[in-house]
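Secondary and tertiary structure notes
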Amino acid sequence: MSKVIVTDHPLIQHKLTLMRKVTTGSKDFRELLTEISMLMGYEVTRNLPLEETEIETPIVKTKSKVIAGKKLGIVPILRAGLGMVEGFVTLVPSARVGHVGLYRDPETLKPVEYYCKLPQDIEEREMIIVDPMLATGGSAIAAIDVLKEKGAKNIKLVNLVAAPEGIAEVQKYHNDVDIYVASIDEKLNDHGYIVPGLGDAGDRIFGTK
Ligand code: PRP
Ligand code: URA
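Residues numbered from 1 in each chain as written. Chains lettered and ligands numbered in written order. Predicted model: local features only at pLDDT ≥ 70, side-chain atom pairs only at ≥ 80, totals over all residues. Heavy atoms only, no water.

- Per an unreviewed UniProt entry, the recorded name for the protein is Uracil phosphoribosyltransferase, and the organism is Intestinibacter bartlettii CAG:1329.
- If you open the UniProt record of the protein and go to Sequence similarities (unreviewed entry), you find "Belongs to the UPRTase family."
- Listed in UniProt under the heading Function (unreviewed entry), the comment for the protein reads: "Catalyzes the conversion of uracil and 5-phospho-alpha-D-ribose 1-diphosphate (PRPP) to UMP and diphosphate." (UniProt positions renumbered as here; feature names shortened; annotations may be inferred.)

Take a look at the structure:
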């Protein structure tokens, strides 16, 4: 069974509270999301493999550690996932960024795919899917399906706020994918929104309705 890691550092909890407030505008919402993404990224990348390399300090030649293997792949689920990219690439500037475009049909709540562009050699990369919201789980499951179809073998899912229903659904279909969340909220409402949640993440990031 995959792991669910709740990254509940006090700074993350504080910033998430500000994001949840209905009075927080898009500028602050985006900045807070970037800050939390960096803090979550620190935990998500904790187990990256290292290798030794020879370097020369001003004093001596020595061996020191660097990240081993292929560059990480970051994959935001469009649109709202875009709000988490800056935080991750600030931490890992060499990461490759792919995009999967999905939106939830408002009637059926089922994800509809409209775009996909991924880095090469994804079978050799650790791929990190980012999306602020994990509600029914449909979008995350579809994004993981796409990555696996293209060959990805090592996938992590990072969400800001998750509903218990969405976590259970992702684990049911993809029990090899660890899920990192800042908060597991109470439930979904009848319209598929997370309660208490923070509303429509994409609209709040981009100032749309
Ligand atoms: C939101 C969110 C997730 C999805 C979560 O996107 O960013 O992708 O809903 O819901 P689910 O777990 O029930 O699939 P939305 O479809 O609103 O599209 P947007 O990012 O373009 O606003
Ligand atoms: N998508 C959002 O943006 N918010 C929710 O609460 C559920 C899905």
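1. Remarks on helix H5 (residues 164-173)
- For H5, the full list of buried residues reads Gly166, Ile167, Val170 and Gln171. Down the axis, H5 shows its buried residues gathered within 130° of arc, on one side only.
- The elements touched by buried residues of H5 are strand E1 (4-6), strand E8 (126-134), helix H4 (138-149), strand E9 (154-162) and strand E10 (178-184). (Buried < 20%, exposed > 50% of the residue type's maximum accessible area, 1.4 Å probe, protein only. Helix = DSSP H or I, 4+ residues; strand = E, 2+ residues; numbered from the N terminus. Arc of directions from axis to C-beta. Contact = heavy atoms within 4.5 Å.)

2. A word on the site of ligand 2
- Close to ligand 2 lie Arg104, Met133, Ala135, Gly192, Tyr193, Ile194, Gly199, Asp200 and Ala201, which account for all nearby residues.
- Separating a nitrogen atom of ligand 2 from a backbone N or O atom of glycine 199 is a distance of 2.8 Å.
- Taken by itself ligand 2 offers 240 Å² of open surface, and the protein chains cover 88% of this.
- For ligand 2, the cavity whose grid points lie within 2 Å of the majority of its atoms is the largest pocket.
- Counted by class, the shell around ligand 2 contains 5 nonpolar, 2 polar and 2 charged residues. (Near = heavy atom within 4 Å. Polar contact = N/O pair within 3.5 Å; in protein donor to acceptor, adjacent residues only side chain to side chain. Areas by Shrake-Rupley, 256 points an atom, 1.4 Å probe, with all protein chains shown as cover. 1 Å grid on protein atoms, 1.4 Å probe; cavity = no way out; pocket = protein on both sides within 12 Å on 5 of 7 lines; lining within 4 Å. Sits in = over half its atoms within 2 Å of the grid points. Nonpolar A, V, L, I, M, F, W, Y, C, P; charged D, E, K, R; others polar.)

3. Digging into the side chain of glutamate 126
- Looking at the secondary structure, you find glutamate 126 in strand E8.
- Engagement of the side chain of glutamate 126 in a polar contact is seen with the side chain of lysine 156, the distance being 3.0 Å.
- Beyond its immediate stretch of four places on either side in the chain, glutamate 126 contacts Val44, Leu48, Leu72, Gly73, Asn154 and Lys156.

4. Some details on the nonpolar core
- If you look at the biggest cluster of nonpolar residues, it comprises 32 residues, and the most contacted ones within it are Leu16, Met19, Met40, Ile128, Val158, Leu160 and Leu198.
- If you list the elements that add at least two residues to this core, you get helix H1 (10-20), helix H2 (26-44), E8, E9, E10 and helix H6 (201-206).
- Sorting elements by how many residues they give to this core places H2 first, with 6 residues.
- When neighbours within four sequence positions are excluded, valine 158 is seen to be in contact with Met40, Val44, Met84, Phe88, Ile128, Ile129, Val130, Asp131 and Tyr180.
- Of all hydrophobic cores here, the second largest spans 25 residues; its members include Met127, Ile129, Leu157 and Ala162. (Core = buried A, V, L, I, M, F, W, Y, C linked by side-chain atoms within 4.5 Å.)

5. Points about the pairing of strand E2 (residues 50-56)
- With 0 of 7 residues buried, E2 lies mostly on the surface of the structure.
- In this antiparallel pair of consecutive strands, E2 and strand E3 (residues 61-67), the connection spans 4 residues. (Pairing = 2+ DSSP bridges.)

6. Quick word on the pattern of salt bridges
- With the rule as written, the count across this model stands at 9 salt bridges.
- The salt bridge involving aspartate 203 is made with arginine 79; its shortest N-O contact spans 3.0 Å. Highlighted residues: aspartate 203 in helix H6 and arginine 79 in the loop between strand E4 (73-78) and helix H3 (85-91), separated in sequence by 124 residues.
- One salt bridge connects lysine 148 with aspartate 176, and the closest N-O pair in it is separated by 2.9 Å. (Salt bridge = Lys/Arg side-chain N within 4 Å of Asp/Glu carboxyl O.)

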